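Residue-level listing of the chains:
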Amino acid sequence: MDFGIQYSVRYRSERFKTDDLRLALQQAAERSAVPLSLAAMATAAGFLSFLPTDYKAISELGKIAGVGCSLPS
């Protein structure tokens, strides 16, 4: 959800700069790809840091939120 909001804000900024819808969408994607990728990696790393804990529920939360699916134990 957060990444969608960030992309929407970037698109809106690009749309104010140009009247061309396709160009605004393309520029929004190009200009937000690296920052959103970095944010996604940082978020995943934060959740994956829960893996070494002895608390099973927290460790599983790290697996699910860090990778986006449940991994076998």
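One can find the structure itself at the top, above this paragraph.
Residues numbered from 1 in each chain as written. Predicted model: local features only at pLDDT ≥ 70, side-chain atom pairs only at ≥ 80, totals over all residues. Heavy atoms only, no water.

What about the environment of Phe3?
Okay, so step 1: As for its placement among the helices and strands, Phe3 is situated in helix H1 (residues 2-17).
Okay, so step 2: Residue classification places Phe3 among the partly exposed positions, given a relative accessible area of 32%.
Okay, so step 3: Along the backbone, Phe3 and Ala40 are 37 residues apart, and their C-alpha atoms lie at a distance of 8.4 Å.
Okay, so step 4: Residues contacting Phe3, with those up to four places away along its chain left out, are Leu36, Ala39, Ala40 and Thr43. (Helix = DSSP H or I, 4+ residues; strand = E, 2+ residues; numbered from the N terminus. Buried < 20%, exposed > 50% of the residue type's maximum accessible area, 1.4 Å probe, protein only. Contact = heavy atoms within 4.5 Å.)

Notes on helix H3 (residues 56-67)
Okay, so step 1: For H3, spanning 12 residues, the distance from its first C-alpha to its last is 16 Å, which sits close to the expected 16 Å at 1.5 Å a residue.
Okay, so step 2: Where H3 is concerned, the buried positions are Ser59, Gly62, Lys63 and Gly66. The arc that holds every buried residue of H3, seen down its axis, measures 95 degrees, which confines them to one face.
Okay, so step 3: Looking at the buried side of H3, the elements it contacts are helix H2 (21-48).
Okay, so step 4: Just past H3, the residue Gly68 takes up positive phi, approximately 95 degrees. (Expected span 1.5 Å × (residues − 1). Arc of directions from axis to C-beta.)

Considering the pattern of salt bridges
Okay, so step 1: Applying the stated criterion across every chain yields a total of 4 salt bridges.
Okay, so step 2: The closest approach of N and O atoms between Glu14 and Lys17, which form a salt bridge, is 3.7 Å. With Glu14 and Lys17 both in helix H1 and 3 residues apart, the pair spans about one turn of that helix.
Okay, so step 3: The buried category is assigned to Glu14, whose relative accessible area is 0%.
Okay, so step 4: Its relative accessible area of 58% is what places Lys17 among the exposed residues.
Okay, so step 5: The shortest N-O distance in the salt bridge between Glu60 and Lys56 comes to 3.8 Å. Placement of the pair is Glu60 and Lys56 together in helix H3, with a separation of 4 residues, close to one helical turn.
Okay, so step 6: Judged by its relative accessible area of 60%, Lys56 falls in the exposed class.
Okay, so step 7: Here the salt bridges do not stand alone but share partners, grouping Arg10, Glu14, Lys17 and Arg31 into one network. (Salt bridge = Lys/Arg side-chain N within 4 Å of Asp/Glu carboxyl O.)

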